[in-house]
Amino acid sequence: MPIDANDRKLEIVTDIPDTAMVVCAHADDAEIGSGGVVAKWVAAGCEVAYVLCTDGSAGTADRSLTPAELSEKRTVEQRAAADFMGVKHVVMLGYPDGGLEDTRELLGDIVRAIRRYRPRTVLTHDPYRIKHFQHRDHRKAGIVTTDAVYPFARDHLHFAEHIAVEGLEPHKVRELWYWGADEPDVIVDVTDSIDRQIAALARHESQVPGFNVQAGDTIGERLRRNAARLANGYGFEYGAVFRRLIARR
Ligand SMILES: [Zn+2]
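First, a word on what this report is: a plain description of the structure on this page. (Residues numbered from 1 in each chain as written. Predicted model: local features only at pLDDT ≥ 70, side-chain atom pairs only at ≥ 80, totals over all residues.)

1. Focus on unusual backbone geometry
The omega angle of the peptide bond from Tyr 150 to Pro 151 is 5 degrees, so this bond is cis rather than trans. Along the polypeptide, Pro 151 turns up in helix α4 (residues 136-152). Phi at Asp 28 takes a positive value of approximately 90 degrees, unusual for a residue other than glycine. Along the chain, the position of Asp 28 falls in the loop between β2 (19-24) and α1 (29-43). (Helix = DSSP H or I, 4+ residues; strand = E, 2+ residues; numbered from the N terminus.)

2. What about α1?
Relative to the 21 Å expected for 15 residues at 1.5 Å per residue, α1 spans 20 Å between its end C-alpha atoms, a close match to the ideal helical length. The axis of α1 is deflected most strongly, by about 80 degrees, at Gly 35. Judged by how many residues are buried, α1 sits mostly within the fold: 12 of 15 residues are covered. For α1, the complete set of buried residues consists of Asp 29, Ala 30, Glu 31, Gly 33, Ser 34, Gly 35, Gly 36, Val 37, Val 38, Ala 39, Lys 40 and Trp 41. (Expected span 1.5 Å × (residues − 1). Bend = angle between axes of the 7 residues up to and from the residue. Buried ≥ 20, exposed ≤ 12 C-beta atoms within 10 Å, placed from the backbone.)

3. What about the nonpolar core?
Soluble globular proteins tend to bury their nonpolar side chains together. With 62 residues, the main nonpolar core has Met 21, Val 22, Val 51, Cys 53, Ile 110 and Ile 114 as its most contacted residues. The residues contacting Ile 110, other than those within four sequence positions of it, are Val 23, Val 51, Val 144, Thr 145 and Ala 148. (Core = buried A, V, L, I, M, F, W, Y, C linked by C-beta atoms within 7 Å. Contact = placed C-beta atoms within 7 Å.)

4. A short note on the sheet that holds strand β3 (residues 47-54)
One open sheet holds the 8 strands; their spatial order is β1-β7-β8-β6-β5-β2-β3-β4, and the pairing between them is mixed. One side of each edge strand has no neighbouring strand; the edge strands of this open sheet are β1 (11-12) and β4 (89-95). By the bridge criterion, 2 bridges tie β1 to strand β7 (residues 186-189) in an arrangement that is parallel. Paired with Ile 12 across the strands is Ile 187, a residue of β7. Packed onto the sheet, helix α7 (residues 218-231) meets β7 and β8 (239-246) and runs at close to 65 degrees relative to β8. (Pairing = 2+ DSSP bridges. Axes fitted to C-alpha atoms, helices over the stretch in contact; angles between N-to-C directions.)

5. Quick word on the pairing of β3
The element β3 is extensively covered by neighbouring structure, given that 7 of its 8 residues are classed as buried. Bridge count between β2 and β3: 6 bridges; the pairing is parallel. Along β3, the bridge assignment pairs Thr 19 with Glu 47. One crossover worth recording links β2 to the parallel β3 by way of α1, and it is right-handed. Two elements, β3 and β4, share 5 bridges in a ladder whose sense is parallel. Directly across from Val 51, in β4, lies its bridge partner Val 91. Handedness of the β3-helix α2 (residues 67-85)-β4 crossover: right-handed. (Right-handed = clockwise from strand over helix to strand, strands pointing away.)

6. Concerning the environment of Ser 71
Among the structural elements, Ser 71 can be located in helix α2. Taking the C-alpha atoms as reference, Ser 71 lies 4.5 Å from Ser 57; in sequence the two are 14 residues apart. Setting aside chain neighbours within four positions, we find Ser 71 in contact with Asp 55, Gly 56 and Ser 57.

7. Let's talk about the packing of helix α3 (residues 104-117) against α4
Helices that pack against each other are described as a pair by the angle of their axes relative to one another and the distance between those axes. Put simply, α3 and α4 touch, their axes get as near as 9 Å, and they point 60 degrees apart. Relative to α4, the element α3 is oriented oblique. Like other packed secondary-structure pairs, α3 and α4 cross with a definite hand, here right-handed. On α4, the residues that touch Leu 106, Leu 107, Ile 110, Val 111 and Ile 114 of α3 are Val 144, Thr 145, Asp 147, Ala 148, Val 149 and Phe 152. Broken down by class, the residue content of the contact of α3 with α4 amounts to 9 nonpolar, 1 polar and 1 charged. (Parallel < 35°, antiparallel > 145°, perpendicular 65-115°, else oblique. Left-handed = near helix turned anticlockwise from the far one by under 90°. Nonpolar A, V, L, I, M, F, W, Y, C, P; charged D, E, K, R; others polar.)

Here is the structure:
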């Protein structure tokens, strides 16, 4: 069943966390999945960290680029996008694009990032989406992040070396937000930040050939159209929707 925003079924969330983390598979996923919310939260003083799982070495139709060249280009673009957004920390895990697996190593890396940057809210891909195709890496990133949040980052006996050797402390994430959910349950007003989301997306030049914010290109227009459809009936112009899990106290 399509989301019927007119029914106002989604809870409008106006609270802004003081710390947040976005975990995504590829450069540009963060901007597409949660850019409007992150831009809004950063503007309100939230400290945000990005964790990028892959090196983006497969994301092109340009056959003249080697995977190494592409990966380097995408790393630079992601840093530019994060800087533009005011994202404070960017962690690049460097797993091969298209090769993300649900491994102990990836789990440990995400747990470490959570324990280091201590986000109140974590945003990631919804790994349980079944109504549309989804990149394998997105599914893997979503599921491992879910596990990292609970219980692995929280419990001191998991990855105990983080605590004993690296000087980190366990951390309890309060809320986990999934973008791309089949059935979202919360909506955020991104009317004032969608321009910033689209402008940040334009930093990923290799991914959006010919992208021009001023001219209002297809990706920008598509984001805007979608965000306007989601906001319909909620009393604001543009919305971003998520499925939210809240940890028990
Ligand atoms: Zn992706």
